[in-house]
Amino acid sequence: MGVKEAWPWGRWVWRKLNIPKHNFICWLTMHQRLMTKTRLCHLGISQDDRCRMCGMHEETTQHLFFECPFSKIFLHEILLWLGIHIQQIDIAGIWRRMARITKGKRCREVVLAIVATLVYWIWKARNKAVWEYKLPTTRYVIQQIKQEYRTRKIKFVTKNLSIRENEWIDRSSKNTERGR
């Protein structure tokens, strides 16, 4: 019998508020199983391992989500929108810090769902750059993330929210509407 490997980030990825396709992309990301250009080179499928979004570095999972200038802008905008200040720049660190900083169970659910949405949209922007030779604007990606937040907001606004959670959700909703 083998030893079951513990995945501490599993509870951050598999959330009921997340959209299933976001869960799946996050799961692949955490397992280092996304078909990045570097991975495709290692598998012998491609010879080009350069990031299509910046064209400067090897496209690894770490680069794609946290070192690429485009991804850094997306992450910065989302953190600014949520009013969260984090210096950590790796996927597990972001999830861990955001979950710890955010007070209230439902607020944490929202933040973790937004992180999952961010990871999904960075991957989607990367695919657009690779397959269509087009890079979506930062504004477009951020608008899409905020739109998904607005459309799913109804799911987590319930009667059982604490005053603090209600205030935080109202504040983030207003920031979303201003950021349109």
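Per the secondary structure count, the protein chain includes nine helices and zero strands. A total of 180 residues make up the protein chain; the buried ones form 45% of that total. By sequence separation, contacts in the protein chain at least 24 residues apart represent 57% of the contacts at least 6 residues apart. As displayed, the protein chain has an accessible area near 10500 Å², and 54% of this comes from carbon and sulfur atoms.

All right, on to the packing of helix 2 (residues 20-30) against helix 7 (residues 105-132) then. Look at helix 2 against helix 7: their axes get within 9 Å of each other, and the N-to-C directions meet at 80°. With respect to helix 7, the element helix 2 is oriented roughly perpendicular. Along the contact surface, helix 2 presents Lys21, His22, Ile25, Cys26 and Thr29, while helix 7 presents Ala116, Thr117, Val119, Tyr120 and Trp123.

Let us now look at the packing of aromatic side chains. For the structure on display, the rule yields five aromatic pairs. Each ring, one from tyrosine 120 and one from tryptophan 121, has its centre 5.9 Å from the other, and the planes form 90°; the classification is edge-to-face. With a relative accessible area of 12%, tyrosine 120 lands in the buried category. For tryptophan 121, a relative accessible area of 6% puts it in the buried group. Between tryptophan 121 and tyrosine 140, the ring centres sit 6.2 Å apart and the planes meet at 80°, which makes this aromatic pair edge-to-face. With tryptophan 121 in helix 7 and tyrosine 140 in helix 8 (residues 138-156), this residue pair connects regions lying 19 residues apart in the sequence. A connected cluster of aromatic rings, assembled from ring pairs, spans Tyr120, Trp121 and Tyr140.

With that settled, consider the environment of methionine 56. Looking at where methionine 56 falls in the secondary structure, it is placed in the loop between helix 3 (37-42) and helix 4 (61-67). Methionine 56 sits twelve residues away from cysteine 68 along the chain, and the two C-alpha atoms are 8.6 Å apart. Sequence-distant contacts of methionine 56, that is, excluding residues within four places in its chain, are made with Arg50, Cys51 and Pro69.

Within the largest apolar cluster, 42 residues are counted, with the highest numbers of intra-cluster contacts made by Met53, Phe65, Ile78, Leu82, Met98, Ile114 and Ile145. With 14 residues, the top contributor of residues to this core is helix 7. The residues contacting methionine 53, other than those within four sequence positions of it, are Leu64, Cys68, Phe70, Ser71, Ile122, Ala125, Arg126, Ala129 and Leu135.

Non-glycine residue glutamine 32 carries a positive phi angle of around 55°. Mapped onto the fold, glutamine 32 is located in the loop between helix 2 and helix 3. The backbone phi angle of tyrosine 133 is positive, close to 55°, even though this residue is not glycine. Positionally, tyrosine 133 belongs in the loop between helix 7 and helix 8.

For the rest of this paragraph, the subject is the pattern of salt bridges. Under the definition given, this model contains four salt bridges. Taking the shortest distance from any N to any O, the salt bridge between aspartate 48 and lysine 37 comes out at 2.7 Å. Taken as a pair, aspartate 48 in the loop between helix 3 and helix 4 and lysine 37 in helix 3 lie far apart in primary sequence, eleven residues in all. Classification of aspartate 48 by relative accessible area gives partly exposed; the value is 33%. Given a relative accessible area of 7%, lysine 37 falls into the buried group. Two residues, arginine 126 and glutamate 59, come together in a salt bridge whose shortest N-O distance is 3.0 Å. Here arginine 126, found in helix 7, pairs with glutamate 59, found in the loop between helix 3 and helix 4; they are 67 residues apart in sequence, far enough to count as distant. Just as arginine 126 is buried, glutamate 59 falls in that class too.

Calculation criteria
Residues numbered from 1 in each chain as written. Predicted model: local features only at pLDDT ≥ 70, side-chain atom pairs only at ≥ 80, totals over all residues. Heavy atoms only, no water. Helix = DSSP H or I, 4+ residues; strand = E, 2+ residues; numbered from the N terminus. Buried < 20%, exposed > 50% of the residue type's maximum accessible area, 1.4 Å probe, protein only. Contact = heavy atoms within 4.5 Å. Areas by Shrake-Rupley, 256 points an atom, 1.4 Å probe, with all protein chains shown as cover. Axes fitted to C-alpha atoms, helices over the stretch in contact; angles between N-to-C directions. Parallel < 35°, antiparallel > 145°, perpendicular 65-115°, else oblique. Phe/Tyr/Trp six-rings, centres within 6.5 Å; stacked < 30°, edge-to-face > 60°. Core = buried A, V, L, I, M, F, W, Y, C linked by side-chain atoms within 4.5 Å. Salt bridge = Lys/Arg side-chain N within 4 Å of Asp/Glu carboxyl O.

So far we have only geometry, and geometry alone does not tell us how the molecule works.
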